[in-house]
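Per-entry structural report
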Amino acid sequence: MIEIKNLHAKVDGKDILKGVDLTIRPGEVHAIMGPNGAGKSTLSYVLAGRDGYEVTDGSVTYYGKDLLAMEPEERAAEGVFLAFQYPVEIPGVANTTFLKTAINATRKHRGEKELDAMQFLKLLREKTKALGMSDEMLKRAVNVGFSGGEKKRNETLQMAVLEPKFAILDETDSGLDIDALKIVAEGVNALRSPERSMLVITHYQRLLDYIVPDYVHVLAAGRVVKSGGKDLALELEKNGYRDFGVDEAA
Amino acid sequence: MAAQPETIDQVRAVTEQKYKYGFTTDIESDVAPKGLNEDIVRFISAKKNEPEWLLEWRLRAYRVWLTMEEPEWAAVQFPPIDYQDAHYYAAPKQKVRPKSLDEVDPELLATYAKLGIPLREQEILAGVEGSENKSPAIAVDAVFDSVSVATTFKAKLEEMGIIFCAISEAVQKHPDLVKKYLGSVVPYTDNYYATLNCAVFTDGSFVYIPKGVRCPMELSTYFRINQANTGQFERTLIIADEGSYVSYLEGCTAPQRDENQLHAAVVELVALDNATIKYSTVQNWYPGNAEGVGGIYNFVTKRGACRGKNSKISWTQVETGSAITWKYPSCILQGDNSVGEFYSVAITNNRQQADTGTKMIHIGKNTRSTIVSKGISAGKAQQTYRGLVKILPKAEGARNHTQCDSLLIGDQCGAHTVPYIESRNRSARIEHEATTAKISDDQLFYCRQRGISEEDAVSLIVNGFCKEVLKELPMEFAVEAQKLVGISLEGSVG
């Protein structure tokens, strides 16, 4: 279980999160919606532990542990996964090499035996096949020359391989056309399980047609201002964020 | 992307990593008195029981050296070297030269074992005779201070007519070959450090590959500086006769000491018609500590002559050590259609300085050269790529492609690129590409979010950056080099 309590955070000296409360149980999929500048991406970076995102108050308890005290790589090893809005390119490093390094680093942290080349390739083939991805993508350098859709699929593949307990999907729909969106959503849905929680961050309701959440929260001006079921998303789609004091047309 | 102050602090904390090969071996050495004069030159020559012509050659070099001045054009800084304050000869004390490995001092063998060199002949042989064993064997010539300790695999190579031995042994056993080629690529008047080497060189490797022979294994020399205040002046000469092929690897380490030690080596390569020489170096000399105290001055002259038509010389270097590196492995492309290649990874961290690059001299028709240089600078290190591409009037159809990439880690290091291009033939095609990049915080965070520690992330990113060069290394050493890249940059994040 992940409990976020009264979370306050600063970026470049500016208060962005101003008291976020959120509880996510195993297996649940929560969506965070909100206008631009509400603090959605800041929340994802704070949870993943990015440098420069300073927590000024509040706590995040992750399966009984203090998440905020951990280094980013420890959080990852404990099962926190962030699917990036803008996946980063790493020239010269093959996707396979990157994934193998990542999975063995997490396994080592958990006290599990590292996978050898054969075991890893077997695992990778299974996951790639399940996501309908090509082997060719694995040989290419991480995200280099990938289309928007390929990058997001690659994030999904990494998630499938690393098998997180808590996945944060930051604006996974951005930059995707409807066909690419469907493919990525299918991949994500295949990874839903009773043990795995997800936090889906999005500006538009569209993504939630394909990844149907259990709960929807509205984040505005650094706080969760409304929570509800999946219907809340539809309501937002109709009325915009006006009801929360935000006029996006302005 | 600007570096986060925290990451820079972390760099500082970790960059002072321990030099893994900083142990010394307790062996009584036979050392010449400190200082340099004609008597020392004669002493060395006498110790080696050299013929008169070689002594004369050394003395000519010494006299020329006296008239020369240290080069100052390289972008490196160091206090003046007192050439009288060093020993020019140090040999592990032994009554007679060992006839087989069993007679070699066990302390020495233990040292090499610590360095991870597969020296024990029987072990290597065991690995070879099993026909299902795919990994090619490596023949090792180990140079400990100034003396070649043991050459493995000699008998097997001899069957094919390949000569692989200490150069002092070659002087005794193959004087005609040595006399014909020694100094033919790097003359004794060449430059300050090379000329000094001619006067006082003590040992090194000699390789001769006969006509049409493809050397079946990697040949390797492992240099190690043990004695304090010793200069190491090894001399390597490799001759690939018509239609032959050889791949040679040189690896270097030195113990950790507060004083600076001079290493002024000369390597000469000669490739005749249709011959290929591949020369790879993994240089991991002690770089000094984080404040820049101690470390090796690596002032080396390496040059290959593609004398025959269709010949090829390929230099691959991974330079991670030394306080100062001054080194330009070069190719003289004399034979028509000959090919020169230079693949380089140079890593400088803390206070290390490197001024390194290559020279490609196109003389023959349709000669081609490729230069790929990857420089990585971290800490307060300064690094310069310095390269010359020269096309002479008769080099009809000559081509060169140069690619120089620099990667900066942190905000206190520097990378400089100084390409010189001289073309005197209108048909020549010369291309030069250069890039400079930094490891971004985005890349580091992305890796860490996937569970990869900061250090491993740097290693991964840098290895990706160097991939084009590392893939040129012989398989057995590629893995070692990859690890070395990681170790040399431990914690240097920005």
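Residues numbered from 1 in each chain as written. Chains lettered and ligands numbered in written order. Predicted model: local features only at pLDDT ≥ 70, side-chain atom pairs only at ≥ 80, totals over all residues. Heavy atoms only, no water.

- Under an unreviewed UniProt entry, the name given to chain B is Fe-S cluster assembly protein SufB, and the organism recorded is Azospirillum griseum.
- Per its UniProt entry, chain B bears the Sequence similarities (unreviewed entry) comment "Belongs to the iron-sulfur cluster assembly SufBD family." (UniProt positions renumbered as here; feature names shortened; annotations may be inferred.)

- With an unreviewed UniProt entry as reference, chain A is termed Fe-S cluster assembly ATPase SufC, source organism Azospirillum griseum.

Things to note about the sheet that holds strand β10 (residues 197-202) of chain A
All names here are of chain A.
- Spatial ordering of the open sheet is given by β6-β9-β10-β3-β11-β12, a layout of six strands whose pairing is mixed. Two strands bound the open sheet, and with one partner strand each, they are β6 (80-83) and β12 (223-228). In this sheet, neighbouring strand axes are inclined to one another by 20° on average, regardless of whether the strands run parallel or antiparallel.
- Pairing analysis gives four bridges linking strand β3 (residues 29-33) to strand β11 (residues 215-220), with the strands arranged parallel. Residue H30 lies in a different strand from β11, and its bridge partner there is Y215. (Pairing = 2+ DSSP bridges. Helix = DSSP H or I, 4+ residues; strand = E, 2+ residues; numbered from the N terminus. Axes fitted to C-alpha atoms, helices over the stretch in contact; angles between N-to-C directions.)

Observations concerning the interface of chain B and chain A
- Residue-level contacts link 21 residues of chain B with 34 residues of chain A.
- Of the roughly 2,200 Å² buried where chain B meets chain A, counting both sides, 61% is carbon and sulfur surface.
- Among the residues of chain B in contact with chain A, B:F445, B:Y446 and B:R450 are the three that bury the most area, contributing 35% of the side total.
- Viewed at the interface, chain A and chain B are joined by four salt bridges.
- Across the salt bridge formed by B:R448 and A:E73, the nearest N and O atoms sit 2.7 Å from each other. (Contact = heavy atoms within 4.5 Å. Buried area = accessible area lost by both parts, 1.4 Å probe. Salt bridge = Lys/Arg side-chain N within 4 Å of Asp/Glu carboxyl O.)

Observations concerning the packing of aromatic side chains
All names here are of chain B.
- A full pass over the atoms with the stated rule returns 26 aromatic pairs over all chains.
- Here W57 and F201 contribute two aromatic rings whose centre-to-centre distance is 6.5 Å and whose plane-to-plane angle is 75°, an arrangement assigned as edge-to-face. Taken together, the positions of W57 in helix α3 (residues 52-67) and F201 in the loop between α9 (192-200) and β6 (205-209) put the pair 144 residues apart, joining distant regions of the chain. One exposure class covers both W57 and F201, and it is buried.
- Ring centres of F78 and F299 lie 5.4 Å apart, and the angle between their planes is 45°; this geometry places the pair in the tilted category. Taken together, the positions of F78 in the loop between α3 and β2 (90-92) and F299 in strand β13 (residues 295-306) put the pair 221 residues apart, joining distant regions of the chain.
- One aromatic cluster is present, built from ring pairs that chain together Y62, W65, W73, F78, Y83, Y192, Y193, Y297, F299, W326 and Y328. (Phe/Tyr/Trp six-rings, centres within 6.5 Å; stacked < 30°, edge-to-face > 60°. Buried < 20%, exposed > 50% of the residue type's maximum accessible area, 1.4 Å probe, protein only.)

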